[in-house]
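Read off the chains here:
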Amino acid sequence: MTTLAWSPTLALNDVVMDHTHEEFIELLNAVGAAGPDTIEAAMRAFVEHTEQHFAEEERWMTESGFPPLGCHQNQHNMVMQVAREVCARVAKGETTLGAPFAQAVAEWFGDHVTVMDAILKQYMDMQGYTPVMQAA
Ligand SMILES: [Fe+2]
Ligand SMILES: [Fe+2]
């Protein structure tokens, strides 16, 4: 089951950010589609990737002096808090939590990318700051 599909409306025309967001969607869909035997690994992969995704954006915000850093970071923190909790509960046997989690995050993600990440991208362009992913 596909929870969220990549679409041109999500593109920020930044190779690094768009690639990360396509990976995010792929991993989120894997969570949504996982069965009882695969959900724990799928959640762990999603959490690991999203930790890095959000941490990189926050580093770019700090380095470029992005003013609404706190607001953007709060959204990341809220999602990570829920993701870590779902991951822990799945590991304890609540394997049906993955699908509703993936659905809720999919509903949140479109707005986050087209508002928060888009503003960050615009600001970095104005500052002449080029986002680069650090090696994991
Ligand atoms: Fe993002
Ligand atoms: Fe973000």
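Owing to the predicted nature of the structure, the values given are computational and were not obtained by experimental measurement. (Residues numbered from 1 in each chain as written. Chains lettered and ligands numbered in written order. Predicted model: local features only at pLDDT ≥ 70, side-chain atom pairs only at ≥ 80, totals over all residues. Heavy atoms only, no water.)

A. Here's a closer look at the coordination of the iron ion (ligand 2). Note on the iron ion (ligand 2): its protein donors are Glu-57 (OE), His-72 (NE2), His-76 (NE2), His-112 (NE2) and Asp-117 (OD). The metal-donor distances range over 2.1 to 2.2 Å. Read from N- to C-terminus, the donor residues coordinating the iron ion (ligand 2) fall into the pattern E-x14-H-x3-H-x35-H-x4-D. In this structure, the iron ion (ligand 2) is positioned 3.6 Å from the iron ion (ligand 1), and both are ligated by Glu-57. Of this pair, Glu-57 sits in helix 2 (residues 39-64) while His-76 sits in helix 3 (residues 69-91), and the two are 19 residues apart along the sequence. Here the two residues Glu-57 and His-76 agree in accessibility, since each one is buried. (Donors = N, O, S within 2.8 Å, 3.2 Å for Na, K, Ca; no water. Helix = DSSP H or I, 4+ residues; strand = E, 2+ residues; numbered from the N terminus. Buried < 20%, exposed > 50% of the residue type's maximum accessible area, 1.4 Å probe, protein only.)

B. Quick peek at the coordination of the iron ion (ligand 1). Taken together, the protein donors to the iron ion (ligand 1) comprise His-21 (NE2), His-53 (NE2), Glu-57 (OE) and Asp-117 (OD), at separations of 1.9 to 2.2 Å. The site at the iron ion (ligand 1) holds four donor atoms, and with the angles between them running 84 to 161 degrees, its shape is irregular. Between consecutive donors of the iron ion (ligand 1), the numbers of intervening residues give the motif H-x31-H-x3-E-x59-D. (Tetrahedral: all angles 85-135°; square planar, octahedral: opposite > 155°, others 65-115°.)

C. Just helix 4 (residues 98-127), in detail. At His-112, helix 4 shows its largest kink, close to 40 degrees. Immediately downstream of helix 4, the backbone of Gly-128 shows phi near 70 degrees, a positive value. (Bend = angle between axes of the 7 residues up to and from the residue.)

D. Just the nonpolar core, in detail. Formed by 35 residues in total, the largest nonpolar core has its most connected members in Phe-24, Val-31, Met-43, Phe-46 and Phe-101. When contributions to this core are tallied by element, the ones reaching two or more residues are helix 1 (15-33), helix 2, helix 3 and helix 4. For this core, the element with the most residues is helix 4, which contributes ten residues. If we ignore the near neighbours within four places in the chain, the residues touching Phe-101 are Val-31, Met-43, Phe-46, Val-82, Ala-83 and Val-86. (Core = buried A, V, L, I, M, F, W, Y, C linked by side-chain atoms within 4.5 Å. Contact = heavy atoms within 4.5 Å.)

E. Molecular detail of helix 1. Over its 19 residues, helix 1 runs 27 Å from end to end, which matches the ideal 27 Å to within 8%, given 1.5 Å per residue. When helix 1 is considered as a whole, its buried residues turn out to be Met-17, Asp-18, Thr-20, His-21, Phe-24, Ile-25, Leu-28, Asn-29, Val-31 and Gly-32. Summarising the contacts, the buried residues of helix 1 are in contact with helix 2 and helix 4. Here helix 1 starts with a cap whose side-chain oxygen sits 3.1 Å from the backbone nitrogen of Val-16, and that cap is Asp-14. (Expected span 1.5 Å × (residues − 1). Polar contact = N/O pair within 3.5 Å; in protein donor to acceptor, adjacent residues only side chain to side chain.)

F. Expanded view of the side chain of Thr-3. Tracing the chain through its elements places Thr-3 in the segment before helix 1. A residue is classified by how much of its surface remains accessible, and Thr-3, at 12% relative accessible area, is buried. Beyond its immediate stretch of four places on either side in the chain, Thr-3 contacts Leu-28, Asn-29, Gly-32, Ala-102, Gln-103 and Ala-106.

G. Expanded view of the pattern of salt bridges. Evaluation of the coordinates by the stated rule reveals eight salt bridges. The salt bridge partner of Glu-56 is Arg-59, with a shortest N-O separation of 2.9 Å. With Glu-56 and Arg-59 both in helix 2 and three residues apart, the pair spans about one turn of that helix. For Glu-94, the salt bridge identified is with Arg-89, shortest N-O distance 2.9 Å. Salt bridges sharing partners connect three or more residues here, namely Asp-14, Lys-121 and Asp-125. (Salt bridge = Lys/Arg side-chain N within 4 Å of Asp/Glu carboxyl O.)

H. A look at the packing of helix 1 against helix 4. Remark: helix 1 packs on helix 4, axes separated minimally by 10 Å, with the N-to-C direction vectors making an angle of 175 degrees. By the angle class used here, helix 1 and helix 4 are roughly antiparallel. (Axes fitted to C-alpha atoms, helices over the stretch in contact; angles between N-to-C directions. Parallel < 35°, antiparallel > 145°, perpendicular 65-115°, else oblique.)

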